[in-house]
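# Working through the structure, step by step
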Amino acid sequence: MSENPFASRDVQTGRLDQDVYDANFDDLHAPLSQHEAQVESDRCYFCYDAPCQTACPTSIDIPLFIRQISAENPTGAAKTILQENIMGGMCARVCPTETLCEEVCVREEAEGKPVKIGELQRFATDHLMATTKEHPFKRAPETGKRVAVVGAGPAGLSCAHRLAMHGHNVVVLEAKGKPGGLNEHGIAAYKTTHNFAQLEVEFIMGIGGITTKFDSPLGEAVSINQLRDEFDAVFIGIGMGNTNALNLDGEEAEGCEDAVDYIEKLRQTDDLSSLPVGRDVVVIGGGMTAIDIAIQTKLLGAENVTIAYRRGQEAMNASLYEQELAQTHGVTIRHWLQPSALITNDSGQISGIELEYTAQANGKLEGTGEKVKLKADQVFKAIGQKFDSSVLSDAGIELEAGRIKIAEDGKTSLAKVWAGGDCVAGGEDLTVASVEDGKVAAESIHAFLSR
Amino acid sequence: MADLTTNFLGIKSPNPFWLASAPPTDKAYNVERAFEAGWGGVVWKTLGSEGPPVVNVNGPRYGAIWGKDRELLGLNNIELITDRDLEINLQEMKAVKERWPDRALIASIMVPCEEEAWKAILPRVEETNADGIELNFGCPHGMSERGMGAAVGQVPEYIQMVTEWCKKYYSRPVIVKLTPNITDIRYPARAAKAGGADAVSLINTINSIVEVDLDNFAPVPTIDGKGSHGGYCGPAVKPIAMNMVAEIARDAETAGLPMSGIGGISTWRDAAEFISLGCGNVQVCTAAMTYGFKIVQEMTAGLSDWMDEKGYKSIDDFLGRAAPNVTDWQYLNLNYVTKAKIDQDLCIKCGRCHIACEDTSHQAITNLVDGARHFEVIDEECVGCNLCVNVCPVENCITMEQIAGTDPRTNKEIDPNYANWTTHPNNPMAVKEPAE
């Protein structure tokens, strides 16, 4: 008679040697060398009305910037990128290019090997940031107009930069003590190494005309109506704020973790060995966060990491590339499983999870009744975030599907107030989409202020 | 197995691949390595007159242009003729020829344009038992400033005169190497023939500056802040060389004059093209300088395999086969009407055909059809120019198809009979009967 496998629990810090942590959390891809960039750029066909540019949420002129790399003008290439997407450096690292520009690259159609647009974009933007002290864009003459941008994430920073470029003065209000939003707190560490998120914020601020107030959460330190009174326009880019719950007993038990919170801790720590990680880890979810937490717990030394997703592989929000990245890191992805109970040990800590098989019947996802128990020292919830609308107080901004409703140009239902990024309805939850939202809203605000 | 042996001017070699007179044939050491690798013959690095040898620069002597992956497309050099003692060269040539009797060994010579100078060197070359000589009237750099090389090759009268001296003082075959740095290759070729040359070889290198260093504003290769024009060779010059070969092949005065083809030959296919234009053999330099002597294995095997596939038993079976098809523009059939056709299954929708045609040609390729990205030839506009074929990144995706019946562009019936410009009604000089 074997003992109860769910009685014991193995969560430890410092599972690995320091050099292993360093290697595990180094760049996912080494940057392209000068020669590699030359050879790769030569693969671009300089398509007419290029599908990659159309697929890019920020409409970067990709054929042009690649040709500039090819013509040994990486600084010019970077300017081409940055004029459409001021976070071209981060997007080069985190964009799911396999479902955006590279998916539609004609080389993908021709031979299944798209031009490495993301890596070329990184080559150009890294080059500019490493070699150019001066900010590449000049501010227009001061307009005397003041705009409040709430949230120093991709949407807010993009909006602030574009407004500053048009000569407006921008005050960015950030809830946390540090700028960057999910670039700083959410992106997988191996995608943005060497403090890149902060370096990029500094670079963006280099335009001038932007001041930042930290520890200023909306709804607490300041309200929408206050900002409307004080400023000529307001942009809201505050992200989601909340995460979804499993709604199971034991969700408060030690070891049942919110993936977003854990990744934030991981991103902010100076000492990866201080993070407790289980021997057996189960991740619930099928999106990018699920992939990110699964890979990173594996890199922290977890022995068995399993992603359990309630639908089939094709329904996963994480791209195929990301799924494969998890699998090559040794993560097991299991489909058609939904959590049905959390298992705790005698001390009330998580020691396992019970999952129920699911099936699609009559267009509806249903549990089949068949169940499986997995050993889990930690269970990570990565089942999506939701917008915390309470911070809007009673300003009267119209919502749609739980998020802020905006028009095409980012305008909310409230006069003088624009919004963008993950907090708006229909958002794609992508850095690049947020950058575009901020840019589009900034142009609309600029037009409004220039009346 | 196809027979690759050649008999060029009575000089036999096991295959048509010779190394051109250049750095690879500088001395016995290199030449023996070349023969071991399988080269059919060599033209020894150019000999100069008795006396202190020439000196080369001690800085860089080569410049190049590359593709993005550093594929060497064109090479330029400012190296002079041999900088080794004449007697040592002659002794080595004799010894090598003795050891490799089945390979061709040709002496390249460049001495001043004086009869005495040629009279002095030729008997000594004869003694080496080299199979023939090649007169270096080609090098465009350095030696030309001293009245030799291209300075001779650019004056047909000099070519004829020197060739006559060589025929007078030397008993074996005389090959005249031509410079491309002229306006019409037929004149120097005719002069060589008039002087009694047994063959011409072409092309020598082309005057060139391959690069300007934009930091110090000097040509590359840069010698202490200055540069000099050099001789350009490699794959980039092949089209120029082939045209000159064809010009000589189809000139009434020089037709039938044996030719040794030179200029960017890097593969068996390049060689086959030169031979089909009338070259009895080919000479290679840049490809060997880029990859080493081993490349001859690809060349011989490739040529042999292609000949087997086509049923050619010997080089003579396809020698000169393309020459009669090189003609003047005025004789091209104006009733041969083609339209581009895009294979939609192969099309990857890059749009290059569209934008090339739209911006720079005849607005004959769509980019949108019913709102969808779609590239299709508009026969009513297509003049059949072939630009789309050339810019398409997918092989065989766009083809030129001959049409018959009514040309939708002109709305006129296409005459199935051959007719050229010489009889065209728009030609003020038109004649009634087509010229042949």
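Residues numbered from 1 in each chain as written. Chains lettered and ligands numbered in written order. Predicted model: local features only at pLDDT ≥ 70, side-chain atom pairs only at ≥ 80, totals over all residues. Heavy atoms only, no water.

Here we take up the domain arrangement of chain A. Domain assignment breaks chain A into domain 1 (34-131), domain 2 (146-241 + 385-449) and domain 3 (245-381). Between the C-alpha centres of domain 1 of chain A and domain 3 of chain A the distance comes to 34 Å. (Domains from an automatic or database assignment.)

Within the fold, His 161 of chain A resides in helix H10 (residues 154-165). Apart from residues no more than four positions distant in its own chain, His 161 of chain A is found in contact with Ile 86, His 135, Phe 137, Ile 204, Ile 207 and Ile 210 of chain A. (Helix = DSSP H or I, 4+ residues; strand = E, 2+ residues; numbered from the N terminus. Contact = heavy atoms within 4.5 Å.)

Moving on: the layout of surface pockets. Residues and elements named next belong to chain A. If you add up the space inside the second largest pocket, you get close to 650 Å³. Considering the residues around the second largest pocket, the lining is formed by 27 residues, among which His 29, Thr 97, Glu 102, Glu 119 and Tyr 321 are closest to the centre. Those elements giving two or more residues to the lining of the second largest pocket turn out to be helix H6 (88-94), helix H7 (101-104), helix H9 (117-131) and helix H16 (320-328). Class assignment of the residues belonging to the lining of the second largest pocket gives a composition of eleven nonpolar, three polar and 13 charged. (1 Å grid on protein atoms, 1.4 Å probe; cavity = no way out; pocket = protein on both sides within 12 Å on 5 of 7 lines; lining within 4 Å. Points joined across faces, edges and corners; volume = space filled by probe spheres on them. Nonpolar A, V, L, I, M, F, W, Y, C, P; charged D, E, K, R; others polar.)

In this section: the side chain of Ser 304 of chain B. Turning to its location among the elements, Ser 304 of chain B is positioned in helix H10 (residues 295-310). With near-sequence residues (within four places) excluded, Ser 304 of chain B lies in contact with Met 1, Ala 2 and Leu 4 of chain B.

With that settled, consider the interface of chain A and chain B. The interface is formed by 14 residues belonging to chain A together with 14 residues belonging to chain B. With both chains or domains summed, chain A and chain B bury close to 1200 Å², and 57% of this area falls on carbon and sulfur atoms. Here chain A is connected to chain B by one salt bridge. For Arg 373 of chain B, the salt bridge is made with Asp 49 of chain A, and the minimal N-O distance between the two is 3.9 Å. Looking at the side of chain A that touches chain B, the elements with two or more residues in it are helix H2 (34-41) and helix H8 (106-111) of chain A. Grouping the amino acids of the side of chain A that touches chain B by side-chain chemistry returns eight nonpolar, three polar and three charged. (Buried area = accessible area lost by both parts, 1.4 Å probe. Salt bridge = Lys/Arg side-chain N within 4 Å of Asp/Glu carboxyl O.)

The next point concerns the sheet that holds strand S11 (residues 206-208) of chain B. Residue and element names in this part refer to chain B. Reading across the sheet, the four strands line up as S5-S6-S14-S11 and stay open at both edges, with antiparallel pairing between neighbours. Strands at the two margins of the open sheet, each flanked by one partner only, are strand S5 (62-66) and S11. If you compare each strand with its neighbour and ignore which way they point, the axes differ by 35 degrees on average. Note that S11 and strand S14 (residues 230-233) share three bridges and pair antiparallel. Opposite Asn 207, over in S14, you have Gly 231 as the bridge partner. (Pairing = 2+ DSSP bridges. Axes fitted to C-alpha atoms, helices over the stretch in contact; angles between N-to-C directions.)

With that settled, consider the nonpolar core. Looking at soluble globular proteins, one finds that nonpolar side chains tend to be buried together. Of all hydrophobic cores here, the largest spans 84 residues; its most connected members are Trp 39, Trp 118, Ile 133, Leu 202 and Leu 303 of chain B. Looking at this core element by element, the count peaks at seven residues for helix H7 (residues 238-250) of chain B. Setting aside chain neighbours within four positions, we find Trp 39 of chain B in contact with Asn 15, Phe 17, Trp 18, Leu 19, Ala 34, Arg 103, Val 284, Ala 288, Phe 293, Ile 295, Val 296 and Met 299 of chain B. By size, the runner-up hydrophobic cluster in this structure holds 76 residues, among which are Cys 56, Ala 124, Val 147 and Leu 163 of chain A. (Core = buried A, V, L, I, M, F, W, Y, C linked by side-chain atoms within 4.5 Å. Buried < 20%, exposed > 50% of the residue type's maximum accessible area, 1.4 Å probe, protein only.)

Residue and element names in this part refer to chain B. The tally for this structure, following the rule as stated, stands at seven cavities of 30 Å³ or more. Of the volumes computed, that of the largest cavity is approximately 410 Å³. Taken together, 32 residues form the lining of the largest cavity, with Ser 21, Ala 22, Asn 204, Thr 205 and Cys 285 sitting closest to its centre.

Here we come to the state of the cysteines. Counted under the stated rule, the structure contains zero disulfides over all chains. Between Cys 56 of chain A, a free cysteine, and Cys 101 of chain A, which holds the nearest cysteine sulfur, the sulfur-to-sulfur gap is 6.6 Å. (Disulfide = S-S within 2.5 Å.)

Residues and elements named next belong to chain A. It is at 8 Å that the axes of helix H5 (residues 74-84) and H9 come closest, and there the two elements cross at 105 degrees. Taken together, the axis directions place H5 and H9 in an arrangement best described as roughly perpendicular. Contacts from Pro 74, Thr 75, Ala 77, Ala 78, Lys 79, Ile 81 and Leu 82 in H5 reach Gln 121, Phe 123, Ala 124, Thr 125, His 127, Leu 128 and Thr 131 in H9. Partitioning the contact of H5 with H9 into residue classes produces eight nonpolar, five polar and one charged. (Parallel < 35°, antiparallel > 145°, perpendicular 65-115°, else oblique.)

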